[in-house]
Amino acid sequence: MSSYKPPTTDLTGWRLKVGEDSHGQQKWVYLRDEAQRKSWPQGNVEKYWLGLEMHTPELQKPKTPLDAARNGFEFYKELQSEDGHFSTEYGGPLFLIPGLVIAMSVCGQSFTAEQSTELKRYLLNKRRKEGGWGLHTAAPPTVYGTVMNYVALRILGMGPDEGPMTEIRALIHKMGGATTIPSWGKAWLSILGAYDWDGVGSVPPELWLLPDWVPFAPWRWWIHVRQVFTSLSFLYGIRFVGPFTPLVWSLRNRTNVNPIDVYSGHHPVLDIAHQFLAVYEKLPHIPLVSSILPLRQVANDRAYQLLSYEDENTGYQTIGPVTKAFNMVARYAREGADSEAFKAHLSRVDDFLWLSKEGLMMMGTNGSQLWDTAFIAQAAVETGLANEKGNEESVNGMLDWLDKAQMRENPKWYNEGYRHRTKGAWPFSTPEQNYTVSDCTAEGLKAVMALQELDYTSKPVNLERMRDAVDTLLSMQNPTGGFASYELQRGSKKLEWFNAAEVFGNIMIDYEYPECTTSALSALKYFSKLDPKYRASDIERTVSKAIEYIHDVQKPDGSWYGSWGICFTYATMFALESLSIAGETWANSEGVKLACDFLVKKQMADGGWGETYMSCVTGEYAQHEKSQVVQTAWAILALIYAQYPDKTVVDRATRLIMSRQKKDGRWEQEDTEGVFNKNCAIDYPAFKFIFCIWALGRADKYLKS
Ligand code: LAN
């Protein structure tokens, strides 16, 4: 691989602006002017994420696990923003920047010069040694990753023969050529004008004209897929193509997707549907047919109406980065660059961009603000650090931020947009983004309850608001007892037959997850101690059904499969929390015993645990060659929930985490921690602080007991 060094900006010019347009918003800005830089100096938050030297307090060498947790918190506090939340980079997926870059380009927009430089630097830094890019930073190159990022670099100004570009093209050819790219890639290239919409399997907006009772009507799909489908079907319906660019990919081929890229191959039902639709697609172009029955036009209008609801419901953030880019193009296509809607979209592009030491990335969401803040709040309270001198300001900041992050009303287009209620819920990122997530609501509520139990905190969140959160949680349990992510499960698992994304698994409906279920049931249980009378029997029934679900999905080897963190270690920690709430421990429960056996067998020689994201892909435990502090912390937390009797196991694990801690209290970044849709890893860099602090604090008490 050639050793091309991409240009960089002066990193000391960047600042992280927090909460400017809305609560919790994060936005990296570049200050060109020396005077501006002086009057707004870079703080530790920026310095840390940019890999610049930080000034942190001198710490004492830790003797006990609690000392180490304290030092960890001392360091992590430096990363708290002035509004009280913990800003974190949230990277990993490598298919997001290209969508945004293509969107900006076809809408006639450009990034600032500094943003362009840093976007290029990020992509080139993340190129794998094999020469291209995969679906995410931890995966080997695929056609999707390589073609999309190659195109992005070209649009951002890299010449066809500049630096490694020739080499990358050669790799694309070697892999089978750009036309073997998966469906979303074909769609983006068609939008760009580098491929032809005729080569994209039909994405008919007419599905939005189906009556709601139809078992495969789109409102039943998982919210992410539904929202991507809505704007994509509109762009497909109008065959949107941006202005001609020199990037020419001429071949047309409908079902040719490179096997390297495929995670979920097409189900035969999808192929049959596509053949049928290929005939149907010819119809709207026959003038007579379309004048008698202008279905396509009506369907486009309907899809457009729905995507506009999404924009307005989310302050133009939309639910996520893919929808963000598609919706932006859709608003441009119909209303133009001068429209209010398009301008509003543009003003919310930076929310998704995060400057890291390796360049500017597009994040999986507009941040993970709530998730990180809710966890560290609970860790601080449980470990007792919240009550130690010098931590009040930090803790009050967390509570203040969480208070303002709760969503108080349902979205504007609640019924019309087929949304789940948001009243009382907490989101994953910010309240402006405005999506209920079951476990974020639960962890947000748990964090608020824990913080409000401290003597010195104000109590901004009253019982009524907590009851709203509880009502939302109670509205989210599925008949199996399990909780899904954003909504109730609205359709059959058979809808997976229509999964056309190829690179992801289990995306068509909202499945139940032991992680989400645990968060929900533990929050309900905690709340019932605070307000024992409120919906007592509903809570009781919901919790016991949720516990049943947890039992039902335990695997024969004692573990649970994790869908959002890696992987068995992550989900087993959650499941053992659930069972501990039901009074089940190693001493009295076969299930817990089996789970502990599973975990203990996976402990590595150095006392740690380490799993790779391949566990999530294959469903089999994939051993990491090196132990990871985050998974070690999860295992500690899990074993203590289980009250595992052999303390040497936790003792060794604790020592491993302590041995990896630096003098200033930090832990270095290790391998990626999270995942989605079975196949895409995503980073949670705050976890190394949050879960190490939490596990060390909990272990301190357990080892003494
Ligand atoms: C997330 C991030 C957080 C995550 C948890 C809260 C951890 C989980 O317990 C519930 C699901 C949720 C909210 C989640 C869902 C899917 C997301 C939004 C992501 C993994 C971050 C990025 C991902 C999104 C789908 C990326 C865009 C890709 C598409 C396939 C549309």
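About the thresholds
Residues numbered from 1 in each chain as written. Predicted model: local features only at pLDDT ≥ 70, side-chain atom pairs only at ≥ 80, totals over all residues. Heavy atoms only, no water. Patch = residues over 30% accessible without salt bridge, like charges linked within 9 Å, V, L, I, M, F, W, Y side chains within 5 Å. Areas by Shrake-Rupley, 256 points an atom, 1.4 Å probe, with all protein chains shown as cover. Salt bridge = Lys/Arg side-chain N within 4 Å of Asp/Glu carboxyl O. Helix = DSSP H or I, 4+ residues; strand = E, 2+ residues; numbered from the N terminus. Near = heavy atom within 4 Å. Polar contact = N/O pair within 3.5 Å; in protein donor to acceptor, adjacent residues only side chain to side chain. 1 Å grid on protein atoms, 1.4 Å probe; cavity = no way out; pocket = protein on both sides within 12 Å on 5 of 7 lines; lining within 4 Å. Sits in = over half its atoms within 2 Å of the grid points. Nonpolar A, V, L, I, M, F, W, Y, C, P; charged D, E, K, R; others polar. Points joined across faces, edges and corners; volume = space filled by probe spheres on them. Buried < 20%, exposed > 50% of the residue type's maximum accessible area, 1.4 Å probe, protein only. Contact = heavy atoms within 4.5 Å. Axes fitted to C-alpha atoms, helices over the stretch in contact; angles between N-to-C directions. Parallel < 35°, antiparallel > 145°, perpendicular 65-115°, else oblique. Left-handed = near helix turned anticlockwise from the far one by under 90°. Phe/Tyr/Trp six-rings, centres within 6.5 Å; stacked < 30°, edge-to-face > 60°. Lys NZ or Arg CZ within 6 Å of the ring centre and 35° of its normal. UniProt positions renumbered as here; feature names shortened; annotations may be inferred. Core = buried A, V, L, I, M, F, W, Y, C linked by side-chain atoms within 4.5 Å. Expected span 1.5 Å × (residues − 1). Arc of directions from axis to C-beta.

1. A look at a nonpolar patch on the surface
Phase 1: On the surface, Leu209, Leu293, Leu295 and Val298 cluster together to form a nonpolar patch covering roughly 310 Å² of accessible area.
Phase 2: Structurally, Val298 is set in helix α12 (residues 295–313).

2. Focus: the site of the ligand
Phase 1: The immediate surroundings of the ligand are formed by 23 residues, with Tyr90, His224, Phe428, Asp439 and Phe676 found nearest.
Phase 2: Within the contact set of the ligand, an oxygen atom lies 2.3 Å away from a side-chain nitrogen or oxygen of Asp439.
Phase 3: Compared with its free state, where it exposes 620 Å², the ligand has 99% of that area covered by protein.
Phase 4: Comparing atom positions with the cavity grids shows the ligand to sit within the largest cavity.
Phase 5: When contributions to the shell around the ligand are tallied by element, the ones reaching two or more residues are α9 (223–237) and α17 (438–452).
Phase 6: Here the residues of the shell around the ligand sort into 17 nonpolar, five polar and one charged.

3. What about empty space enclosed by the protein?
Phase 1: This structure, assessed with the given rule, holds five cavities of 30 Å³ or more.
Phase 2: By volume, the largest cavity is sized at about 590 Å³.
Phase 3: In terms of lining, the largest cavity is formed by 34 residues, of which the most central are Trp222, His224, Tyr486, Trp564 and Phe676.
Phase 4: Taken together, the elements giving at least two residues each to the lining of the largest cavity come down to α9, α13 (321–335), α17 and β7 (674–676).
Phase 5: Its residues placed into classes, the lining of the largest cavity shows 25 nonpolar, eight polar and one charged.

4. Structural notes on the side chain of Ser394
Phase 1: In this structure, Ser394 sits in helix α16 (residues 392–405).
Phase 2: For Ser394, a relative accessible area of 6% corresponds to the buried category.
Phase 3: Dropping the residues within four chain positions of it, Ser394 is found in contact with Phe73, Lys77 and Gln80.

5. Some thoughts on the packing of helix α19 (residues 514–530) against helix α21 (residues 568–581)
Phase 1: Contact pair α19 / α21: the axes reach a minimum separation of 9 Å and the direction vectors enclose 30 degrees. The orientation of α19 relative to α21 falls into the category roughly parallel. Note on packing geometry: the crossing formed by α19 with α21 is left-handed. For the pair α19 and α21, the contacting residues are Pro514, Glu515, Thr518, Ser519, Leu521, Ser522 and Lys525 in the first and Tyr570, Ala571, Phe574, Ala575, Glu577, Ser578 and Ile581 in the second.

6. Focus: the packing of aromatic side chains
Two aromatic rings are characterised by how far apart their centres lie and by the angle between their planes.
Phase 1: Counted according to the given criterion, the structure contains 48 aromatic pairs.
Phase 2: Their ring planes at 35 degrees and their centres at 6.3 Å tell us that Trp222 and Trp564 sit as a pair that is tilted. A residue pair is termed long-range when its members are at least 10 positions apart, and Trp222 in the loop between α8 (183–192) and α9 and Trp564 in the loop between α20 (536–552) and α21 qualify at 342 residues. For the pair Trp222 and Trp564, one class covers both residues: buried.
Phase 3: The rings of Tyr90, Trp371, Phe375, Phe428, Tyr570, Phe574, Trp634, Tyr684, Phe687, Phe691 and Trp694 are connected pair by pair, giving a single aromatic cluster.
Phase 4: Its end group placed over the ring of Tyr621, Lys602 keeps NZ or CZ at 4.6 Å from the ring centre.
Phase 5: Directly above the aromatic system of Tyr641 lies the positively charged group of Arg698, at a separation of 4.2 Å from the ring centroid.

7. Considerations on the side chain of Gln317
Phase 1: Here Gln317 shows up in the loop between α12 and α13.
Phase 2: Among the polar contacts made by the side chain of Gln317, one reaches the side chain of Asp351 at a distance of 2.8 Å.
Phase 3: When neighbours within four sequence positions are excluded, Gln317 is seen to be in contact with Lys324, Arg348, Asp351, Phe352, Asn366, Glu432 and Gln433.

8. Section: the pattern of salt bridges
Pairing of side chains with opposite charge becomes possible as their charged atoms draw close.
Phase 1: By the definition in use, this model includes 43 salt bridges.
Phase 2: Between Glu281 and Arg296 there is a salt bridge; the shortest N-O distance is 3.0 Å. You can see Glu281 sitting in helix α10 (residues 268–282) and its partner Arg296 sitting in helix α12, a full 15 residues away along the chain. The two residues Glu281 and Arg296 agree in class, both being buried.
Phase 3: Several salt bridges share partner residues, and in doing so they unite Lys17, Glu20, Asp21, Lys27, Arg348, Asp351 and Glu432 into one network.

9. Regarding the UniProt feature "domain: Squalene cyclase C-terminal" (unreviewed entry) in the protein chain
Phase 1: Cross-referencing UniProt, the feature "domain: Squalene cyclase C-terminal" (unreviewed entry) maps to residues 368–699 in the present numbering.
Phase 2: This span, residues 368–699, is 48% helix and 5% strand, and a straight line between its end C-alpha atoms measures 27 Å.

10. Details of the nonpolar core
Phase 1: Residues Phe95, Ile191, Phe504, Leu576 and Phe691 are the most contacted members of the largest nonpolar core, which totals 222 residues.
Phase 2: For Phe691, the residues in contact, after removing those within four places along its chain, are Phe375, Met573, Ala633, Trp634 and Leu637.

11. Concerning helix α25 (residues 647–659)
Side chains that are three or four residues apart share a direction in an α-helix, a result of its 3.6 residues per turn.
Phase 1: Under the 1.5 Å per step criterion, the end-to-end length of α25 is 18 Å for 13 residues, consistent within 8% with the ideal 18 Å.
Phase 2: What α25 keeps buried is the set Val649, Val650, Ala653, Thr654, Leu656 and Ile657. Take α25 and look down its axis: the buried residues cluster within an arc of 155 degrees, on one side only. Of the exposed residues in α25, the ones pointing more than 90 degrees away from its buried face are Arg655 and Ser659.
Phase 3: Packed against the buried residues of α25 are α3 (65–77), α22 (590–602), β5 (609–611), β6 (623–628), α24 (629–641) and α26 (687–704).

12. Here we look at the packing of α21 against α22
Phase 1: Between α21 and α22, the least distance of the axes is 11 Å, while the angle of their chain directions is 155 degrees. As summarised for this structure, α21 and α22 are arranged roughly antiparallel, according to the angle between their axes. In this structure, the crossing between α21 and α22 has a hand that is left-handed. Seen from α21, the contacting residues are Phe568, Thr569, Thr572, Leu576 and Leu579; seen from α22, they are Val592, Ala595, Phe598 and Leu599.
Phase 2: Residue classes in the contact of α21 with α22 are distributed as seven nonpolar, two polar and no charged.

13. Here we look at the environment of Asn71
Phase 1: By the secondary structure assignment, Asn71 is in helix α3.
Phase 2: Along the primary structure Asn71 and Glu58 are separated by 13 residues, whereas in three dimensions their C-alpha atoms are 9.7 Å apart.
Phase 3: For Asn71, the contacting residues outside a window of four places in its chain are Leu59, Gln60, Pro62, Gln661, Asp664 and Gly665.

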